[in-house]
Amino acid sequence: MIYLDNAASTQVHEEVFQEMLPYFREQYGNPSSIHRYGRLASKAVETARKRIAEMINAKPHEILLTSGGTESNNTALFGVMRQSKAKQLITSHIEHDAILEPCRRLEKEGFDVIYLPVNSYGLVDIENLNRSITKETALVSVMFANNEVGTIQPIKEIAQICKQHSVLFHTDAIQAVGKIPIDVKDLGVDLLSISSHKINGPKGIGALYIRDGAALDPFILGGGQENGMRSGTENVANIVGFGKACILAKEHLGKNASHMKSLRDHLTSRIVSEISHVSVNGNVENKTPNNAHFTFLGVNGEDLIIKLDEYGVAASTGSACSVKTQKASHVLMAMGFSHEQITGSLRITVGLYNTMQEMDQTVDILKKTVQELRSVSPFKTKYGF
Ligand SMILES: *Cc1c(COP(=O)(O)O)cnc(C)c1O
């Protein structure tokens, strides 16, 4: 099998796995306990927090540990809006469901949510954002990099506009971490979500960066862990693994990004030159180095995924979360794609463990698969396959 769905999840690094192991059977204390077991667990959590902070140039106390990217996003949105006098939130049409669903809930609770449109590359218009902010705006949330097409937003510019209007700015940076450098101080963001399992760490752990001085309502109440912001006994092993994944991601960022980019570029150029009626989607000039997104006209993406799986290639039509509900990609719709273009789309996201040989094998398999599907396609005569 060739795994090319690294935007959905990644393999845990061997080094991360090894570092986690002692926290299951030997150092299993509760970080809140006073005895040695507790102190060791607490120390492990704080070391990991420091490592997570260092990856994005934050201070350790600005890192809130959560159960993952989804919880980080929920904490940011509900945490800001529910304690704010201003009742408006501005976001974009192409956010992950972990932003859009909390937005829909906030609308039900009486908040006003504005969804910014994007252009055909998936970019929000900065001027439009600037005009949309009013006295009623409490928070802007725009994702750093899109999970379907990889488009990178001008986060620093957006943060500047928000600062000028004294509005808090949150960004879902889950697809950006480990792919492009992130420095929260330089960017000027107030809140930033990250997730461990997208950067070769364990699942079910993530963090929300909360800039010093940004006030949020706590989301989960109980024993007062995480400075009262998120109660519940810390997931020590996962936190340790996440910390290690962050060190590795920071240390090897340049090397990793160029490895992924060279695989992605080779794959893309072969596909474009060897398969007809294909388009490359997203902002090709400025997208995450691991993302390749295509439309194969006359092919059903779901059929393509299933056939590729049979031939040993794991890919995706886009967001793993919406595949099961069978709804058309809201991201591609917002980018103005036709129904037919959306149907024919395929997302390939490479990772650290992929090789050039796998790229060549994938193109060969893809050529065969697309040809098979097109030979029985209702669009066969329209395009002359
Ligand atoms: C994966 C992902 C999430 C959800 O993160 P989890 O840790 O899986 O909850 C949110 N936003 C984006 C952009 C993602 O890619």
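Model, not experiment: these values are computed from the prediction.

As a further point, take the overall build of the chain. On a plain count of helices and strands, the chain comes out with 16 helices and 12 strands. For a compact globule of 385 residues, the expected C-alpha radius of gyration is about 21 Å, and the chain comes in at 22 Å, within 12% of that figure. Counting only C-alpha atoms and orienting by the principal axes, one finds that the chain spans roughly 70 × 55 × 35 Å. The buried share among the 385 residues of the chain stands at 56%. Residue pairs at least 24 apart in sequence account for 74% of intrachain contacts in the chain once pairs closer than 6 positions are excluded. Here the chain displays about 16,600 Å² of accessible surface, and carbon together with sulfur accounts for 52% of that area. Taking the average place of the 40 positive charges on the side chains of the chain and the average place of its 41 negative ones, the gap between the two points comes to 2 Å.

The subject of this paragraph is the site of the ligand. Taken together, Gly68, Gly69, Thr70, His96, Met143, Asn147, Asp172, Ile174, Gln175, Ser195, His197 and Lys198 form the complete shell of residues around the ligand. Take glutamine 175: an N or O atom from its side chain is 2.7 Å from an oxygen atom of the ligand. Separating an oxygen atom of the ligand from a side-chain N or O atom of serine 195 is a distance of 2.7 Å. Protein burial of the ligand: of its 390 Å² of free accessible surface, 87% is covered by the chains. Along the lines of polarity and charge, the residues of the shell around the ligand split into 2 nonpolar, 8 polar and 2 charged.

A separate point is the pattern of salt bridges. Applying the stated criterion across every chain, the model contains 21 salt bridges. Lysine 185 is paired through a salt bridge with glutamate 62; the nearest N and O atoms lie 2.9 Å apart. Placement of lysine 185 in helix α8 (residues 184-187) and of glutamate 62 in the loop between α3 (36-55) and β2 (63-66) is noted, with a sequence separation of 123 residues between them. Glutamate 101 serves as the salt-bridge partner of arginine 104, at 2.4 Å between the closest nitrogen and oxygen. One end of the pair, arginine 104, and the other, glutamate 101, are both in helix α5 (residues 97-108), 3 residues apart, so they sit about a helical turn from each other. Because the salt bridges share partners, they merge into one network encompassing Arg270, Glu274, Asp360, Asp364 and Lys367.

Turning our eyes to something else, we now look at the packing of aromatic side chains. By the definition in use, this model includes 5 aromatic pairs. Cluster of aromatic residues (ring-pair linked, three or more members): Phe379, Tyr383 and Phe385. One residue, lysine 368, lies across the ring of tyrosine 311, its end atom 4.2 Å from the ring centre.

A separate point is the domain arrangement of the chain. Considered domain by domain, the chain is made up of domain 1 (2-8 + 253-379) and domain 2 (14-251). Domain 1 and domain 2 are separated by 28 Å when their C-alpha centres are compared. Taken together, the contacts link 29 residues of domain 1 with 32 residues of domain 2. Where domain 1 abuts domain 2, roughly 2,500 Å² becomes buried across the two surfaces, and 53% of that area is made up of carbon and sulfur atoms. Between domain 1 and domain 2 we count 0 salt bridges in total. There are 11 residue pairs in polar contact (both at pLDDT 80 or more) connecting domain 1 and domain 2.

Relative accessible area serves as the criterion here: at 1%, glutamate 62 is assigned to the buried category. Only 2.9 Å separates the side chain of glutamate 62 from the side chain of lysine 185, close enough to count as a polar contact.

To continue, consider unusual backbone geometry. In this structure, asparagine 57 takes a positive phi of about 60° despite not being glycine. Within the secondary structure layout, asparagine 57 lies in the loop between α3 and β2. Residue classification places asparagine 57 among the partly exposed positions, given a relative accessible area of 38%. With a phi angle near 55°, asparagine 227 is a residue other than glycine that sits in the positive phi range. Along the chain, asparagine 227 falls in the loop between β8 (206-210) and α9 (236-251).

What follows is about the pairing of strand β5 (residues 137-141). Looking down a regular strand, the side chains alternate between one sheet face and the other. Here β5 lies mainly inside the structure; 5 of its 5 residues are buried. Sheet analysis places strand β3 (residues 88-92) next to β5, joined by 3 bridges and oriented parallel. What sits directly across from glutamine 88, in β5, is threonine 137. Here β5 runs beside strand β6 (residues 168-172); their pairing, made up of 3 bridges, is parallel. Within the sheet, the bridge partner assigned to valine 140 lies in β6 and is phenylalanine 169.

On the surface, a cluster of nonpolar side chains totalling about 290 Å² of accessible area is made up of Phe17, Leu21 and Phe24. Position of leucine 21 relative to the elements: it lies in the loop between α1 (14-20) and α2 (22-25).

Its 20 residues place the ends of helix α15 (residues 356-375) 29 Å apart at the C-alpha level, agreeing with the 28 Å of an ideal helix rising 1.5 Å per residue. Turning to α15, its buried residues number three or more, namely Glu358, Met359, Thr362, Val363, Ile365, Leu366, Thr369, Val370, Leu373 and Arg374.

Criteria and thresholds
- Residues numbered from 1 in each chain as written.
- Predicted model: local features only at pLDDT ≥ 70, side-chain atom pairs only at ≥ 80, totals over all residues.
- Heavy atoms only, no water.
- Helix = DSSP H or I, 4+ residues; strand = E, 2+ residues; numbered from the N terminus.
- Rg over C-alpha atoms; globule rule 2.2 N^0.38 Å.
- Buried < 20%, exposed > 50% of the residue type's maximum accessible area, 1.4 Å probe, protein only.
- Contact = heavy atoms within 4.5 Å.
- Areas by Shrake-Rupley, 256 points an atom, 1.4 Å probe, with all protein chains shown as cover.
- Lys, Arg positive; Asp, Glu negative; His and termini not counted.
- Charge placed at Lys NZ, Arg CZ, Asp CG, Glu CD.
- Near = heavy atom within 4 Å.
- Polar contact = N/O pair within 3.5 Å; in protein donor to acceptor, adjacent residues only side chain to side chain.
- Nonpolar A, V, L, I, M, F, W, Y, C, P; charged D, E, K, R; others polar.
- Salt bridge = Lys/Arg side-chain N within 4 Å of Asp/Glu carboxyl O.
- Phe/Tyr/Trp six-rings, centres within 6.5 Å; stacked < 30°, edge-to-face > 60°.
- Lys NZ or Arg CZ within 6 Å of the ring centre and 35° of its normal.
- Domains from an automatic or database assignment.
- Buried area = accessible area lost by both parts, 1.4 Å probe.
- Pairing = 2+ DSSP bridges.
- Patch = residues over 30% accessible without salt bridge, like charges linked within 9 Å, V, L, I, M, F, W, Y side chains within 5 Å.
- Expected span 1.5 Å × (residues − 1).

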